[in-house]
Amino acid sequence: MIDNTINKGKTAKEIIRVWRDDMKNERASKNIKGGLCTKKKLSIIIVVLLLLGCAYYFGVGFLPATNVVVTDFQVSEQQDSMTIQTSIATSAGYTRSVKNVSDDPKKMMLKFYSAFGGINGSIGAKSEFDLPLSPECKEIYVLLYDDYKLLIAKNPTTGEWEMV
């Protein structure tokens, strides 16, 4: 409603023009304020999505690869190290590192880790690993799916390492 005490002495045209300008200014200030809020929300969403993408991209590299099989191996002449070649049993993925998780010196229990870069990422990928071999060691197990499987063992009669 138009206040007549403020607008005394003004024509109706002037009053309407002032009222219209006030409305435009009010709408313009709301649009600017709303626009900033929308940009801020959009920025937050983008940052969260980027963080989730980075967590996935690099996080996969810290998960154990449970689909690794040993394809070949060589034992050094001194019998103090072994080089193993690995492959992935499924269609996607690469390995980047291996860790012996056994406390028993008579057996090695190998846990492989996936490469960085997502499910089929190849950042840091390797398929050949050099492992120190203790003289007491007789068996090498690999984490395959949900359990450790015996893949390489020392023949008790010949003393040679063989694939099981």
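Note that the coordinates shown come from a computational prediction; the quantities given were computed from them, not determined experimentally.

Visitor: Requested: an account of the overall build of the chain, with residues and values cited.
Guide: The number of helices and strands found in the chain is 1 helix and 9 strands. In sequence order, the chain lays out its α and β elements as α-β-β-β-β-β-β-β-β-β. Summarising the internal contacts of the chain: among those between residues at least 6 apart in sequence, 56% fall at separations of at least 24. In the form shown here, the chain has an accessible surface area of approximately 11600 Å², with 59% of it arising from carbon and sulfur atoms.

Visitor: Residue-level account of the sheet that holds strand 3 (residues 81–88), with values.
Guide: Overall, antiparallel pairing links the 3 strands, which are arranged 2-3-6 in an open sheet. With one partner strand each, in any of the chains shown, strand 2 (68–75) and strand 6 (128–132) form the two edges of the open sheet. With direction set aside, neighbouring strand axes in the sheet form an average angle of 30°. Inspection of the sheet shows strand 3 paired to strand 6 by 5 bridges, in the antiparallel sense. The residue bridging Gln-85 from the neighbouring strand is Glu-128, located in strand 6.

Visitor: Which residues make up the confidence of the model for the chain, and what values go with them?
Guide: On average, residues of the chain score 83 in pLDDT, and 86% of them are at 70 or above. Highest mean pLDDT in the chain belongs to strand 6 (93); lowest belongs to helix 1 (residues 12–59) (75).

Visitor: Account for the nonpolar core, with residues named and values stated.
Guide: Within the largest apolar cluster, 19 residues are counted, with the highest numbers of intra-cluster contacts made by Met-82, Ile-84, Leu-110, Phe-112, Ile-140, Ile-152 and Trp-161. Of all the secondary-structure elements, those providing two or more residues to this core are strand 2, strand 3, strand 5 (107–114), strand 6, strand 7 (139–144) and strand 8 (147–154). Those residues in contact with Leu-110, other than ones at most four positions away along the chain, are Ile-84, Val-98, Lys-99, Asn-100, Leu-131, Ile-140, Tyr-141, Val-142, Leu-143 and Tyr-148.

Visitor: Please set out a nonpolar patch on the surface residue by residue, giving values where relevant.
Guide: A cluster of nonpolar side chains, Ile-44, Ile-45, Val-48, Leu-49 and Leu-52, forms an exposed patch at the surface whose accessible area comes to about 490 Å². With respect to the helices and strands, the residue Ile-45 is situated in helix 1.

What counts and what doesn't
Residues numbered from 1 in each chain as written. Predicted model: local features only at pLDDT ≥ 70, side-chain atom pairs only at ≥ 80, totals over all residues. Heavy atoms only, no water. Helix = DSSP H or I, 4+ residues; strand = E, 2+ residues; numbered from the N terminus. Contact = heavy atoms within 4.5 Å. Areas by Shrake-Rupley, 256 points an atom, 1.4 Å probe, with all protein chains shown as cover. Pairing = 2+ DSSP bridges. Axes fitted to C-alpha atoms, helices over the stretch in contact; angles between N-to-C directions. pLDDT = per-residue confidence, 0-100. Core = buried A, V, L, I, M, F, W, Y, C linked by side-chain atoms within 4.5 Å. Buried < 20%, exposed > 50% of the residue type's maximum accessible area, 1.4 Å probe, protein only. Patch = residues over 30% accessible without salt bridge, like charges linked within 9 Å, V, L, I, M, F, W, Y side chains within 5 Å. Salt bridge = Lys/Arg side-chain N within 4 Å of Asp/Glu carboxyl O.

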